[in-house]
Amino acid sequence: MTVVLALIASALFGTGVALQQRPAAAVPREYAARPGLLLRVVRNPVWVVGVVAEIAAFVTQLIALRRGSLLVVQPLLTTSLLFTFALGSWWARQPTSARDWLSVGCVAAGLAAFLAVASPSEDSEGAAPAGEWVLWGASIAAALTLLIWIGLRSEGRHRAASLGLAAGLGDAFMAVLTKAFAHATNQGIGSAFTTWIPYALCVAGIGAMLLTQTAYQTGQPKIAIPLITVTEPLVSCGIGVGLFGEAIHVGGLRAPVVVASVAVMVSGLVSLSRSSVVEPSESVVTH
């Protein structure tokens with residue numbers, strides 16, 4: 001059931017990305033990383049539908065994380081790019097090339113091999129001491145500050161890369177907080193709101209949305225989207241291991257197979273994201 005819920009969330013996230021990136025790319029760059037960016041894109045009905053899809057995805061992800069670990073759910077969410085690609089292909093009315101199909105196959109095969117060989121732990125407490133939360137939170141905040149500072153002072157590909165990494169980190173920490181909130185709701189929804197977690201989740205959610213839209217705004221989806229798609233699961237799974245004690249099995253001959261499966265999946269995601277299908281047309285990108 002966890003796998004099914006994660007794939008549903010992935011489809012919804014992928015739909016949200018496809019609907020949001022074009023409106024965001026049309027916003028002038030002076031609004032980058034500012035609340036005014038969200039005030040601009042919210043006027044676009046297509047973007048609003050994308051947000052509704054992402055809210056539905058978040059709720060589905062929350063339910064999935066109540067049942068499973070970050071190490072199971074987050075890798076499955078990388079398939080969101082497949083849904084972004086499919087919707088983009090339909091939207092642009094472009095045929096799927098052999099290279100695109102090969103990329104899809106790499107993502108599916110790499111993901112399947114990772115889940116089969118690494119055998120990630122399905123259960124996770126989703127709880128950690130306050131000191132560890134402070135340490136991880138401060139580390140992510142420091143990395144975000146540096147990446148945003150670099151991105152806003154850069155141009156072209158470097159700008160998209162820095163802001164894409166920042167958005168991926170923001171989304172990753174959102175996933176970790178979502179897991180913690182899912183764990184807190186095991187004692188009842190009401191009791192969950194007596195903790196700091198839902199309020200931190202709201203603040204982090206707004207920040208992550210602003211970072212993601214800023215990355216889309218660069219008009220460089222072939223750089224920003226793969227970085228967001230790959231960074232989020234890698235970082236969130238890493239935090240899941242360090243903070244929640246989740247585990248994967250990489251002993252013996254498993255290690256090279258796990259590394260190879262991740263490499264195949266990442267290469268497929270990067271190749272797929274560079275398809276012309278996911279890039280907004282020049283007519284909608286204005287700066």
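The preceding data block contains the structure.
Everything in this summary refers to the structure shown in the same document. The structure presented is a predicted model; accordingly, all values stated were derived computationally and were not measured.

**Some words on the overall build of the protein**
A count of helices and strands for the protein gives twelve helices and zero strands. Counted from the first residue to the last, the protein has its helices and strands arranged as α-α-α-α-α-α-α-α-α-α-α-α. C-alpha atoms of the protein, sized along the principal axes, occupy 50 × 45 × 30 Å. By the burial criterion, 49% of the 287 residues in the protein qualify as buried. At a minimum sequence separation of 6, the contacts of the protein that also span at least 24 residues come to 86%. Roughly 12900 Å² of accessible area belongs to the protein as shown, and the carbon and sulfur atoms make up 69% of that amount.

**Some points on the environment of Ala33**
Looking at the element boundaries, Ala33 is found in the loop between helix H1 (2-25) and helix H2 (35-41). Take Ala33: its relative accessible area is 24%, and that puts it in the partly exposed class. Residues Ala33 and Ala215, 182 residues apart in the sequence, show an inter-C-alpha distance of 8.9 Å. Those residues within four positions of Ala33 in sequence are excluded, and the remaining contacts are Leu152, Leu210 and Thr214.

**Looking at the packing of helix H3 (residues 45-67) against helix H8 (residues 156-184)**
Contact geometry of H3 with H8 gives a least axis separation of 8 Å together with a crossing angle of 60°. With respect to H8, the axis of H3 lies oblique. Relative to H8, H3 is oriented so that their crossing is right-handed. In this structure, H3 contributes Phe58, Gln61, Leu62, Leu65 and Arg66 to the contact, and H8 contributes Met174, Ala175, Thr178, Lys179, Phe181 and Ala182. Residues of the contact of H3 with H8, tallied by class, amount to seven nonpolar, two polar and two charged.

**Points about the pattern of salt bridges**
Taken as a whole and assessed by the stated rule, the structure comprises one salt bridge. A salt bridge links Glu155 to Arg29; the shortest N-O distance between them is 2.7 Å. Of this pair, Glu155 sits in the loop between helix H7 (130-152) and H8 while Arg29 is found in the loop between H1 and H2, placing the two residues 126 residues apart along the sequence. What makes Glu155 exposed here is its relative accessible area of 52%. Given a relative accessible area of 32%, Arg29 falls into the partly exposed group.

**So, helix H6 (residues 98-118)**
End to end, H6 covers 30 Å across 21 residues, agreeing with the expected 30 Å (1.5 Å per residue, within 8%). Of all the positions in H6, only Asp100, Ser103, Val104, Val107, Gly110, Leu111, Phe114 and Ala118 are classed as buried. Down the axis of H6, the buried side of the element spans an arc of 135°, and every buried residue falls inside it. In H6, the exposed residues that point more than 90 degrees away from the buried face are Ala98, Trp101, Leu102 and Ala116. Ser119 occupies a position one or two residues after H6 and carries a positive phi of about 45°.

**Quick look at the side chain of Thr231**
With respect to the helices and strands, Thr231 occurs in helix H11 (residues 221-244). The exposure class of Thr231 is buried, given its relative accessible area of 10%. Non-local contacts of Thr231, meaning those with residues more than four positions away in its chain, are made with Leu165, Gly168, Leu169 and Ala172.

**Looking at the nonpolar core**
Formed by 62 residues in total, the largest nonpolar core has its most connected members in Val41, Trp133, Val176 and Phe244. The element contributing the most residues to this core is H8, with 13 residues.

**Points about a nonpolar patch on the surface**
A cluster of nonpolar side chains, namely Met1, Val4 and Ile8, defines an oily patch on the protein surface of about 300 Å² accessible area. Relative to the helices and strands, Met1 resides in the segment before H1.

Parameters at a glance
- Residues numbered from 1 in each chain as written.
- Predicted model: local features only at pLDDT ≥ 70, side-chain atom pairs only at ≥ 80, totals over all residues.
- Heavy atoms only, no water.
- Helix = DSSP H or I, 4+ residues; strand = E, 2+ residues; numbered from the N terminus.
- Buried < 20%, exposed > 50% of the residue type's maximum accessible area, 1.4 Å probe, protein only.
- Contact = heavy atoms within 4.5 Å.
- Areas by Shrake-Rupley, 256 points an atom, 1.4 Å probe, with all protein chains shown as cover.
- Axes fitted to C-alpha atoms, helices over the stretch in contact; angles between N-to-C directions.
- Parallel < 35°, antiparallel > 145°, perpendicular 65-115°, else oblique.
- Left-handed = near helix turned anticlockwise from the far one by under 90°.
- Nonpolar A, V, L, I, M, F, W, Y, C, P; charged D, E, K, R; others polar.
- Salt bridge = Lys/Arg side-chain N within 4 Å of Asp/Glu carboxyl O.
- Expected span 1.5 Å × (residues − 1).
- Arc of directions from axis to C-beta.
- Core = buried A, V, L, I, M, F, W, Y, C linked by side-chain atoms within 4.5 Å.
- Patch = residues over 30% accessible without salt bridge, like charges linked within 9 Å, V, L, I, M, F, W, Y side chains within 5 Å.

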